[in-house]
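Descriptive structure summary
Each chain, written out:
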Amino acid sequence: MSFRHKRIWCLVVFLTFYGRVCAQDLSTADIDVVTQRLAGGASHSWEYGTRAEVLLELNAPSYSVFSSTSLPPSPEIPSDLTSSLSDVFGIAHTIVANRSASNGNITGAQPLMSDSAAGDPASIGVAVLLASWTGQGNIDGLDYAGAARDQLDFLLQNVSKTNDGALSHRMDQVQLWSDSVYMVPPFLAYYGVLTGNQSLVQEAYNQISLYRKYLRDSSANNIWKHIQLGSYGTDNGHWSAGNSWAAAGMLRVLSTIKQSEFAGSMTTQQRHLANWVQEIHDGMYLHLDSSGLFHNYADNSTTFLDASSTALLASTVYRLSLLWGVHKHLPVAEFSRKALSAPAGSTVNISTSAGPLATSTSTSSALSASSTAGGTPGMLHFTSDGWLTPVVNPYMYTNEGQQSPEGQAFVLAMQAAWRDWVEDGSKGANSSVSTLAMAGWRWVVLLAALTIPQLFLEVW
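These numbers were taken from a predicted model, which means no experiment stands behind them.

Parameters and conventions
- Residues numbered from 1 in each chain as written.
- Predicted model: local features only at pLDDT ≥ 70, side-chain atom pairs only at ≥ 80, totals over all residues.
- Heavy atoms only, no water.
- Helix = DSSP H or I, 4+ residues; strand = E, 2+ residues; numbered from the N terminus.
- Buried < 20%, exposed > 50% of the residue type's maximum accessible area, 1.4 Å probe, protein only.
- Contact = heavy atoms within 4.5 Å.
- Core = buried A, V, L, I, M, F, W, Y, C linked by side-chain atoms within 4.5 Å.
- 1 Å grid on protein atoms, 1.4 Å probe; cavity = no way out; pocket = protein on both sides within 12 Å on 5 of 7 lines; lining within 4 Å.
- Points joined across faces, edges and corners; volume = space filled by probe spheres on them.
- Nonpolar A, V, L, I, M, F, W, Y, C, P; charged D, E, K, R; others polar.
- Phe/Tyr/Trp six-rings, centres within 6.5 Å; stacked < 30°, edge-to-face > 60°.
- Lys NZ or Arg CZ within 6 Å of the ring centre and 35° of its normal.

**So, the overall build of the protein chain**
In terms of helices and strands, the protein chain carries 18 helices and eight strands. Each of the 460 residues in the protein chain was classed as buried or not, and the buried ones make up 57%. For the protein chain, contacts bridging at least 24 residues in sequence account for 67% of all contacts bridging at least 6.

So this is what it looks like as structure tokens:
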């Protein structure tokens, strides 16, 4: 190897090492603050449901559908998990205790809480089912099983459908939203597994298949449109959060099937779900911004950057790796995660346009900052009081927001998925290292000169 090539290799190796040193993982204190903000901010049906789900994944993974143990879970809660599950059961308790008043004191088929969206209240259903399964009704006297059954009947009997059976996400008209794949199918699948009803599990798959039929845009590398059908309110754009919701919902159903007694008879459905998630990954990551974040509409760089969809989609990359051994997009998911975890003063630049991938991260003294109960000082993508930024407004999806409870939940989903991936041996991690090593040397040398000029001059 010539002296010139040795100098170049030295710079490549250093930058790989430098990026790792400067990259900051979210600390336990950071996660605690994010969790607190989510608890204080959640007020809508899908926010309660998403909060319950990510708390399971983060704090009680053995009771999440992503557990490696079979479903249904044990109805007897181990004493060391009582505290970890308390917030999940607290959500279920509050919703079931207030559902009659929320719905005008009706009886029979009804959502878990009143909502103009037909699909969103079902997102709370898994928490309610788990409360029933573990006997919480024997403690507080609430009828969790009845509440879950009424929610199921409401979906199957009261919610309008397309001619081929896709459940509407809205009450006022038949309309399909990509978000709904996270809200309804996981509830149907979990209900089916807990009750031994394979037809319900199959219906969860059917709903996803139908939504994909209407929303997948084959002319845009198979990423999904946001909203289709209806006389008003359609959105043909490729909303990043919607694609992330859809991928995450599909993975929850895939894992529910995979860990259930129906796994052997539903292998085709599992393969389809895994492939459909890969479709979204393949299409979405073509549009990742050099900052490591997605734009609000993935293929429209004039829209603002959105950290919330970035976090959720990254979580689905780790989950697909764990569930199906697909490691293809781990490098960019890792870079997005590190970008979201970076300290203030960092400059993150990711190039994915020409095949090889390179990163540059420069840091200031903010590396020494740490989170406290009051917030997350010194973080690039968190405000001083602990809110993820920048984020889409969760109540007006075309606008940038300030505080997003779902964005907080997506950070927790990413953290839980990444932790599980690491604990499983970080399979596929070498692909990120090899990609860095193959980065074009001219690009790497330029980054070195810009970010660490003194070392560049000394080595050169």
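**Here we look at the nonpolar core**
With 122 residues, the main nonpolar core has Val 128, Trp 245, Met 250, Leu 273, Tyr 285 and Tyr 318 as its most contacted residues. The contact partners of Tyr 285, leaving out residues within four places of it in the chain, are Phe 294, Leu 313, Ala 314, Val 317, His 329, Val 332 and Ala 333.

**Details of empty space enclosed by the protein**
Counted under the stated rule, the structure contains five cavities of 30 Å³ or more. A volume near 90 Å³ is recorded for the largest cavity. The wall of the largest cavity is formed by Glu 57, Phe 66, Tyr 182, Ala 248, Arg 252, Leu 312, Ser 315, Thr 316, Arg 319, Ala 413 and Ala 417. Mapped onto the lining of the largest cavity, the elements with two or more residues apiece are helix 11 (240-258), helix 13 (307-324) and helix 15 (405-423). The biggest single contributor to the lining of the largest cavity is helix 13, with four residues. The class makeup of the residues in the lining of the largest cavity is six nonpolar, two polar and three charged.

**Describing the packing of aromatic side chains**
For the structure on display, the rule yields nine aromatic pairs. The interplanar angle of 65° and the centroid separation of 4.9 Å between the aromatic rings of Tyr 182 and Trp 245 together place this pair among those described as edge-to-face. Here Tyr 182, found in helix 8 (residues 180-183), pairs with Trp 245, found in helix 11; they are 63 residues apart in sequence, far enough to count as distant. Look at Tyr 182 and you get buried, because its relative accessible area is 4%. One cation-aromatic arrangement involves Arg 252 over Tyr 182; the distance from NZ or CZ to the ring centre is 4.5 Å. Between Arg 319 and the ring centre of Phe 66, over which it is positioned, the NZ or CZ distance is 4.3 Å.

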